[in-house]
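Topology and contacts: notes
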Amino acid sequence: MKINDKIRNVAIIAHVDHGKTTLVDSMFKQLGVVKITDDMDERIMDSLELEKERGITIAAKNCSVFYRGIKINIIDTPGHSDFGSEVERALFMADGAILLVDASEGPLPQTRFVLKKALEKNLKIIVVINKIDRKDARIKEVSDEIFELFVSLDATDEQLDYPVIYASGRSGIAKRRLDEDSFDLAPLFETIYNYIPGPTYREEDIFQMLVCDLSYSDYLGRLAIGKIFNGKVGKNDQLVCIDSKQNIIPLVVTKLQVYDGNRIVETEDALPGDIIVLAGVDDVKIGDTICSKDFPQSLPRIVIDEPAISMVFTVNTSPFAGKEGKYLQSGKLRERLYYEVLKNVGIQVEEGSQPNIFIVKGRGELQISILIESMRREGYEFTVGRPEVIFKKVEGKIYEPVEHIFIDVEDKYVGIITEKLSIRKGVLYNLSTNVNGRVRMEFLIPSRGLIGYRSEFLTDTRGTGILNGYLHGYEEYKGEIPSRATGSIVSEVEGRAVAYALSYLEERGRLFIVPDDPVYEGMIIGENSKENDLNVNPTKEKRLSNMRSVSKDDAIMLTPVIPLTLEKALEFIREDEMVEITPLSIRLRKKVLSVLERKKLRNTTSQV
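Computed from a predicted structure; not experimentally measured. (Residues numbered from 1 in each chain as written. Predicted model: local features only at pLDDT ≥ 70, side-chain atom pairs only at ≥ 80, totals over all residues. Heavy atoms only, no water.)

Let's shift gears to the sheet that holds strand β6 (residues 124-130). Taken together, seven strands build an open sheet; the order of strands is β3-β4-β2-β5-β6-β7-β8 and the sheet is mixed. For this open sheet the edge positions go to β3 (61-67) and β8 (173-175), each flanked by a neighbour on one side alone. With strand direction ignored, the average angle separating the axes of adjacent strands in the sheet is 30°. Here β6 runs beside strand β7 (residues 164-168); their pairing, made up of three bridges, is parallel. Following the sheet pairing, Val127 is matched in β7 by Val164. Sheet strands in contact with helix α5 (residues 139-152) are β5 (96-102), β6 and β7, and its direction is about 155° off that of β6. Helix α7 (residues 186-195) contacts β2 (7-14), β3, β4 (70-76), β5, β6, β7 and β8 of the sheet and is inclined by roughly 170° relative to β6. (Pairing = 2+ DSSP bridges. Helix = DSSP H or I, 4+ residues; strand = E, 2+ residues; numbered from the N terminus. Axes fitted to C-alpha atoms, helices over the stretch in contact; angles between N-to-C directions. Contact = heavy atoms within 4.5 Å.)

Below, the structure written as structure tokens:
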């Protein structure tokens, strides 16, 4: 085996909001990749609109910097466990990883997940304790927690001998020791240069590249992104693509590109170990091998953990269908969902029982909700059902996914959280108190027990609680879990909501609409305080009469309505309810819109 010492492929892995993308910003600035201006955006690598809005990394992205004559390919990965597939495919391109840990929060659930994947691939790990300038930083304790995490993941003696860098990504400084002076990130660059090995390759082998990502260009068509494992490649080379069924598809390299900073630039050839962008093959998927046509040989495919959540997607059948969206046909919906499968290995799509129904499977609610939000912004109009966990059947027994969740709250909320989670079959695994009066709790809880709980958790903790988790594994079915204890307030007519009618409906529960909002039969306009559904007429106006009073009627004052977000809508709905998604609106509705049909269905069910 030979080593290409001119390249370092490094993945940055961490829990969400521990500062990965901010650190990459500082690396860019100090190595002159970008010009520093007053109006420069923070988190340069978070280029997607949703990433900027939510402040998280959703898709893994590539970039590069040059230091002391070597090229450092940096792979910025997501920090949320729902996007674990992005991390897994990114690690196939890396030879080492920077594990970033917050100096105050310490290792969190996703820290464990990504480190476990990196250790399994035997990557060289550099630990960076970030945000050392935080007032509540507890650097020594966090350093001990990181070591304990390595031990708990059965790291070898060699893996336990990792270098530690203390850094502040926002300030752009890094240190090998806390007591040394530093004014830049040079200690981090030096550690990457000396500790992370260059990519290995076999000189005598043919060209082989594993496709780890896909992109699209209006001019070049489908673009395959991946790492060269062996051999060299040049523009106009004749190659083949080997798919999952070992079919061989011929192709010609029409354009060859590599990463230069946060840009992609054209090149005539590329060396072993480099990460390239290759144009010239239309039918390519993540995990395929692109190699020389002379002796085609595939590389091991990318294998990721199975999805744990499924959701039904179907066409919009409400009376308002087609009024706000651009794409609403089942063919368009199918085409968009299967396109997502091509570029997102964490998403699976299956055909439903009817031609216009599709079952979408993913790691978690957030991953699928990001897909939904992306589609509505693209002009799609459709409806989705309640998130459901995916069960497994082994030797006649049913197994379900179980989450290991970490909760950080003030001590006064411990009682209510323990009570709520015990009802949802959660088991308290660990409890500890820190010096700030906050308590860290660990629970093992079925994934279905968390559906609909996160918004309730924020309400119970007055918005001060933090809840994170990761998939612990599959365990035997835990039994029934109580669902939402309240019913829905459902419109029985079509029209526009009237303040007079809403003022009376407020007494029955919490409303989701305001005066003049359009409604239709079967649309859910609020939450009933009792457990049964309530059919109402929100368009009813005050009757006029010839009687006049001395004083004027009091102005109707309605309680302000909290806007319904996609996440809240998905958490709220029951099995017989759906969320209507359009580019302009998010509405709740019954699966069966007709009041009469729902009554017939209930009567039939009760007789059975």
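So, on to helix α1 (residues 20-30). Most of α1 sits out of view: eight of its eleven residues are buried. Among all positions in α1, only Lys20, Thr21, Leu23, Val24, Asp25, Ser26, Met27 and Phe28 are buried. On its buried side, α1 packs onto β2, β3, β4, β5 and α7. (Buried < 20%, exposed > 50% of the residue type's maximum accessible area, 1.4 Å probe, protein only.)

At a minimum axis distance of 12 Å, the contact between helix α8 (residues 330-343) and helix α9 (residues 365-377) shows a crossing angle of 130°. Considering their axes alone, α8 and α9 lie oblique with respect to each other. Every pair of crossing elements has a handedness; the one defined by α8 and α9 is right-handed. Here Leu333, Arg336, Leu337 and Glu340 of α8 come into contact with α9, specifically with Leu371, Ser374 and Met375. Residues of the contact of α8 with α9, tallied by class, amount to four nonpolar, one polar and two charged. (Parallel < 35°, antiparallel > 145°, perpendicular 65-115°, else oblique. Left-handed = near helix turned anticlockwise from the far one by under 90°. Nonpolar A, V, L, I, M, F, W, Y, C, P; charged D, E, K, R; others polar.)

Don't take any of this as a statement about function, it's just geometry.
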